[in-house]
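Structural characterization, general
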Amino acid sequence: MTAHPGIPTDTQTEAGLDAGAEPDRKHPVDEKLPPFKMFTSGLQHVAAMYAGVVAPPMIVGPAVGLGARDTAYLMGASLFTAGIATLLQTLGFWKIGARLPFVNGVSFAGVTPMIAIGRDRGADGLTVVFGAIIVASVLGFFLTPYFSQLVRFFPPVVTGTVITLIGVSLLPVAFGWAQGSDAGAPDYGSMRNIGMAALTLAIVLALRKVLRGFLQQIAILLGLVAGTVIAVPMGMTDFDAVRGAGLIGFPSPFHFGAPHFEIAAVVSMCIVMLVCMTESTADMLALGKIVDRPADRRTIEGGLRADTLGSAISPLFNGFMCSAFAQNIGLVAMTKVRSRFVVATGGGILILLGLCPVLASVIALVPLPVLGGAGIVLFGSVAASGIQTLSTAALEKGENALIVAASVGIGLIPIAAPDFYQAFPKDLMVVLDSGISTGCVVAIVLNLAFNHLGRKPVSDVAELADVPERDGGLLSPSGD
């Protein structure tokens, strides 16, 4: 996420929607391309996000005790619900949807909290996760018009810290994958498993170096394919999930059971929802500039409504919380294809993939060591994105560096010392076991204490918060 000078008012946007363009000419965002180009460009967006969509269920499924078949089911559900959320954003209806080439998918921010909620509880754990997501999403939907008042409490020093913690918290998962499937297995941590992970990592890095354009965008996907092909003759693949998968199948509502609601889990997912909404706001601002349609208040509110509505619907079909996919914003900037209907086509492709269980289950063929090698790049890039955001956080001013230091330090406790909170009440563990949740809370509180409370000049606060103090900006709730 980058610094943004502010959001134009609705009047400003309407007056200067496409400066210099002919009045009767459609804005590139609203153009419909020829069918073949629409499909291929949409497929490219799917390829760029595919690994990111299936990774969270691949992590959460085994962590809560699901087998390969149920994990594959979760992956198919995530593809399906990502497609629904993307259509809500791009096509929209009523006051829902940013109507920009904006891709939505499963958020990495929720992975660690979901594992903390459902660890080793199997389907019962998932029902608690789904219940917490539904409550957090519904609350987020109704709070959307007022969320603009809260954005000033999520400057780059907070969001950068949280994104960094997301990536760092996920890296141990990749390391575990690289060692093998089961800590009690004879080959766990063997030279063969770690060697396969290292080989996959090398393949991904080499592909990113030598390929260009579309193929470079899907280097992680190609690396997973190459690693799996190499692993087949070595007997490292499991075909059970594919054998039992059908060609066509609709994600059954509440496949794992009706949602259950626990207060601690709901609190944890509400924190994740705030993080997702903040990240989506920044991504919409960035995308608006890229496509030459600046995101005004109504655009951001519509986008956040689509985020929260998509997240509320997702658990009904066994999916997780949805948020913006920043890598697809980079793809829009690189390809210069700005049509929202292209991304809507990608959303349609995601839905079709979700309706084909055999395609989702193919991912289950990928051996964990292969996933581990690719996961190092995938999760490490999330951490790198957070560091990039922190580079815009003016760490040399005030106590921003101290905010980052304390928040990251406390956020790393569950990773570095897993038993640190063992004497605390069980309900608190749902939040404390997630370094993302605790780090986010600490960053928000310290940012309030150092950058908002007291007699700090308004100009300094505005600069630190990276949000303009004027009407029509993020500090004012909208009036429809």
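The notes below deal with the structure included here. Starting from 1, residues in each chain are numbered consecutively following that chain's sequence as written. Note on the predicted model: pLDDT of at least 70 is required for a residue's local features to be given, and 80 or more for side-chain atom pairs to be given and counted; whole-chain, interface and lining totals, by contrast, use all residues. Here the side-chain values reflect all heavy atoms present in the structure, with hydrogen atoms and water set aside.

1. Re the packing of aromatic side chains
Ring geometry is summarised as follows: Phe, Tyr and Trp rings, the Trp one being its six-membered ring, pair when their centres sit within 6.5 Å, and such pairs are stacked at plane angles under 30 degrees, edge-to-face over 60 and tilted between the two. According to the stated counting rule, one finds six aromatic pairs in the structure shown. Aromatic side chains Phe 141 and Phe 142 sit 5.6 Å apart centroid to centroid with 90° between the ring planes, which places their arrangement in the edge-to-face category. Note on classification: 1.4 Å probe, protein chains only; a residue is buried when its accessible area is under 20% of the maximum for its type, exposed when over 50%, partly exposed between these limits. Note on Phe 142: relative accessible area 58%, which makes it exposed. Here the aromatic residues Phe 420, Tyr 421 and Phe 424 are joined through ring pairs into a cluster of three or more. To sit over a ring, a charge needs its Lys NZ or Arg CZ within 6 Å of the ring centre and within 35 degrees of the ring normal. The ring of Phe 341 carries Lys 32 above its face, with NZ or CZ at 5.1 Å from the centroid.

2. Some remarks on the pattern of salt bridges
Put simply, a salt bridge is a Lys or Arg side-chain nitrogen that is within 4 Å of an Asp or Glu carboxyl oxygen. Going through the model one piece at a time under the given rule, you end up with three salt bridges. Salt-bridge contacts for Asp 30 lead to Arg 340; the nearest nitrogen and oxygen are separated by 2.8 Å. Taken as a pair, Asp 30 in the loop between α1 (10-15) and α2 (35-64) and Arg 340 in helix α14 (residues 340-354) lie far apart in primary sequence, 310 residues in all. Classification of Arg 340 as buried rests on a relative accessible area of 13%. A salt bridge links Arg 305 to Glu 301; the nearest nitrogen and oxygen atoms lie 3.6 Å apart. Pair noted here: Arg 305 and Glu 301 are both in helix α12 (residues 297-313), with a separation of four residues, about one helical turn. Overall, Glu 301 belongs to the buried group, its relative accessible area being 6%. Strands are runs of DSSP state E lasting at least two residues, helices are runs of H or I lasting at least four, and both sets are numbered from the N terminus onward.

3. Regarding helix α20 (residues 435-451)
Multiplying one less than the number of residues by 1.5 Å gives the expected span of a helix. The end-to-end C-alpha distance of α20, which contains 17 residues, comes to 23 Å, matching closely the 24 Å that a straight helix rising 1.5 Å per residue would cover. Extensive coverage of α20 is indicated by the burial of 12 of its 17 residues.

4. Comments concerning helix α6 (residues 156-179)
Taking 1.5 Å of rise per residue, 24 residues should cover 34 Å, and α6 covers 35 Å from first to last C-alpha, within 8% of that figure. In terms of residue burial, α6 counts as a mostly covered element, since 19 of its 24 residues are buried. Just past α6, the residue Gly 180 takes up positive phi, approximately 135°.

5. Brief notes about the state of the cysteines
Note that a disulfide, as used here, is simply two cysteine sulfur atoms within 2.5 Å. All chains considered together, the criterion is met by zero disulfides. Left unpaired, Cys 322 is separated from the closest cysteine sulfur, that of Cys 276, by 9.1 Å.

6. Digging into the side chain of Arg 293
Within the secondary structure, Arg 293 is located in the loop between α11 (263-290) and α12. A polar atom in the side chain of Arg 293 sits 2.6 Å from the side chain of Asp 30. Polar contacts, as counted here, are pairs of nitrogen or oxygen atoms within 3.5 Å of one another; within protein the pair requires one atom able to donate a hydrogen and one able to accept it, and residues that are adjacent in sequence qualify only if both atoms are side-chain atoms.

7. Looking at a nonpolar patch on the surface
A cluster of nonpolar side chains, namely Leu 139, Leu 143 and Tyr 146, defines an oily patch on the protein surface of about 310 Å² accessible area. Relative to the elements of secondary structure, Leu 143 occurs in helix α5 (residues 122-147). Here the term patch refers to residues with relative accessible area over 30% and no salt bridge, with like charges joined within 9 Å and nonpolar side chains (Val, Leu, Ile, Met, Phe, Trp, Tyr) within 5 Å. Accessible surface is estimated by sampling points in the Shrake-Rupley manner with a 1.4 Å probe; for residues, cover comes only from the protein chains shown.

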